[in-house]
Amino acid sequence: MIFQADKIDLLVPKWLMTARKMILESFSQKIEIETKTSRNDLVTELDRKIEQFLVGKIQKYFPGSQIVSEETRPSINEIEEESLLWVIDPIDGTMNFVKQKSDFAIMIGIFQAKKGQRGFIYDVMANQLYHGGPDKGVYCNCQKMISPPDLHLADGLLGVGGVMLINNKYNLQKIALASHGIRIYGSAGIEIIHVLNGQLIGYLSHLHSWDLAAGKILAETLGLTVKTIDGQEVNVLSSIDVLVASKNAQKDIIMMAQSHC
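## Let's talk about the sheet that holds strand S14 (residues 240–245)
Turning to step 1, where the next piece is worked out: Pairing in this open sheet of five strands is mixed, and the strands run S11-S10-S12-S14-S13 from one edge to the other. Of all the strands in the sheet, just strand S11 (181–183) and strand S13 (225–227) have a single pairing partner and so form its edges. Across this sheet, the average inter-strand angle for adjacent strands is 20°, counted without regard to direction.
Turning to step 2, where the next piece is worked out: Bridge count between strand S10 (residues 157–160) and S11: three bridges; the pairing is parallel. Counterpart to Gly159 in the pairing with S11 is Arg183.
Turning to step 3, where the next piece is worked out: Strands S10, S11, strand S12 (202–207) and S14 of the sheet are contacted by helix H6 (residues 188–196), whose axis makes an angle of about 155° with S12.
Turning to step 4, where the next piece is worked out: Against the sheet, helix H8 (residues 247–258) engages S10, S13 and S14, with an angle of about 135° to S14.

Here it is in structure tokens:
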């Protein structure tokens with residue numbers, strides 16, 4: 001399947017705007033909530049409704065595509081390397097959506113032959129769409145973004161996964177103290193947005209495919225590093241601990257994490 005950049009750039013933002021309308025309309029309705037792996041791992045009927053909406057659009061306009069989503073997880077062995085692969089998170093930060101009505105995102109990452117082609121992270125409540133890819137750069141709505149400054153750990157705020165910090169994995173409590181401070185937003189998409197625009201110097205957490213796919217494409221396009229905590233390449237179809245950061249912050253964090261081993 002041929003990657004149709006112009007068609008994707010035209011259609012996907014429209015789909016996301018429609019999904020935003022669905023979310024805003026849901027605020028006046030009672031939402032059915034279920035738990036998955038734990039009481040803190042939620043899914044709503046709206047997660048599934050938005051996923052079905054996006055999947056339907058992809059199948060209509062890009063037939064033959066393969067789709068991985070938080071709510072629909074095909075076997076990795078079923079992914080054909082040359083196919084157009086869409087990785088979707090219909091609502092990233094469901095707990096924030098349910099409890100706060102803020103700090104959640106819709107994310108879509110598009111790959112072909114294992115290469116990231118397009119990333120979309122939509123901060124729904126701020127109505128800000130971060131989108132782009134290696135052939136065009138990264139935009140926030142219509143404004144082209146520049147690469148954030150390559151700051152060291154000591155010069156910026158660090159986003160972290162809460163459980164990882166509590167358990168002091170990778171010496172993270174010491175790493176956090178070495179930064180200007182930590183932030184925990186409860187949404188990988190929102191955290192990665194803040195790294196893209198320079199509000200955070202990095203974000204470290206355990207991420208699944210749908211948490212990471214779009215952000216990896218956008219971050220690497222802006223010259224940020226997306227690696228495992230020991231500096232290895234990340235397979236977006238795996239669930240793994242991932243550090244998205246400026247290059248200097250990555251070096252500082254890896255050095256401190258390895259000193260704890």
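## Some thoughts on the sheet that holds strand S4 (residues 84–92)
Turning to step 1, where the next piece is worked out: As summarised here, the arrangement of the seven strands in space is S3-S4-S5-S6-S7-S8-S9, forming an open sheet in which the pairing is mixed. Pairing within the sheet leaves two strands with one partner each, and these edge strands are strand S3 (66–69) and strand S9 (143–144).
Turning to step 2, where the next piece is worked out: Both strand S6 (residues 115–123) and strand S7 (residues 128–133) contribute to a ladder of five bridges, which runs antiparallel. Bridge pairing links Gly119 to Gly132 in S7.
Turning to step 3, where the next piece is worked out: Packed onto the sheet, helix H2 (residues 45–61) meets S3, S4 and strand S5 (105–112) and runs at close to 155° relative to S4.

## Remarks on the pattern of salt bridges
Turning to step 1, where the next piece is worked out: Here the structure, examined in full by the defined rule, presents six salt bridges.
Turning to step 2, where the next piece is worked out: In this structure, the salt-bridge partner of Asp9 is Lys136, at a minimum N-O distance of 3.6 Å. Of this pair, Asp9 sits in helix H1 (residues 5–26) while Lys136 sits in the loop between S7 and strand S8 (137–140); the two residues are 127 residues apart in sequence, bridging distant segments of the chain.
Turning to step 3, where the next piece is worked out: Asp9 sits in the partly exposed class, given a relative accessible area of 23%.
Turning to step 4, where the next piece is worked out: Judged by relative accessible area, which is 23%, Lys136 ranks as partly exposed.
Turning to step 5, where the next piece is worked out: Through salt bridges with shared partners, a single ionic network connects Asp9, Arg118, Asp135 and Lys136.

## Overview of the packing of aromatic side chains
Turning to step 1, where the next piece is worked out: Per the counting criterion, the structure on display carries six aromatic pairs.
Turning to step 2, where the next piece is worked out: Note on Trp15 and Trp86: the rings are 6.1 Å apart at their centroids and 35° apart in plane angle, and the pair reads as tilted. Residue Trp15 is located in helix H1, and its partner Trp86 is located in strand S4; the two are separated by 71 residues in the primary sequence.
Turning to step 3, where the next piece is worked out: By relative accessible area, which is 0% here, Trp86 ends up buried.
Turning to step 4, where the next piece is worked out: Put simply, the rings of Trp15, Tyr61, Phe62 and Trp86 pair up and form one aromatic cluster.

## A look at the nonpolar core
Turning to step 1, where the next piece is worked out: Ile121, Tyr130 and Leu196 are the most contacted members of the largest nonpolar core, which has 35 residues in total.
Turning to step 2, where the next piece is worked out: Where this core is concerned, the elements lending two or more residues are S4, S5, S8, H6, S12, helix H7 (209–221) and S14.
Turning to step 3, where the next piece is worked out: A per-element tally of this core places H7 first, with seven residues.
Turning to step 4, where the next piece is worked out: For Tyr130, the residues in contact, after removing those within four places along its chain, are Gly119, Phe120, Ile121, Tyr139, Cys140, Met145, Ile193, Leu196, Asn197 and Leu218.
Turning to step 5, where the next piece is worked out: Core analysis: the second largest hydrophobic core is formed by 33 residues, Ala5, Val12, Leu16 and Ile106 among them.

Analysis parameters
- Residues numbered from 1 in each chain as written.
- Predicted model: local features only at pLDDT ≥ 70, side-chain atom pairs only at ≥ 80, totals over all residues.
- Heavy atoms only, no water.
- Pairing = 2+ DSSP bridges.
- Helix = DSSP H or I, 4+ residues; strand = E, 2+ residues; numbered from the N terminus.
- Axes fitted to C-alpha atoms, helices over the stretch in contact; angles between N-to-C directions.
- Contact = heavy atoms within 4.5 Å.
- Salt bridge = Lys/Arg side-chain N within 4 Å of Asp/Glu carboxyl O.
- Buried < 20%, exposed > 50% of the residue type's maximum accessible area, 1.4 Å probe, protein only.
- Phe/Tyr/Trp six-rings, centres within 6.5 Å; stacked < 30°, edge-to-face > 60°.
- Core = buried A, V, L, I, M, F, W, Y, C linked by side-chain atoms within 4.5 Å.

This is a description of form; function is not addressed.
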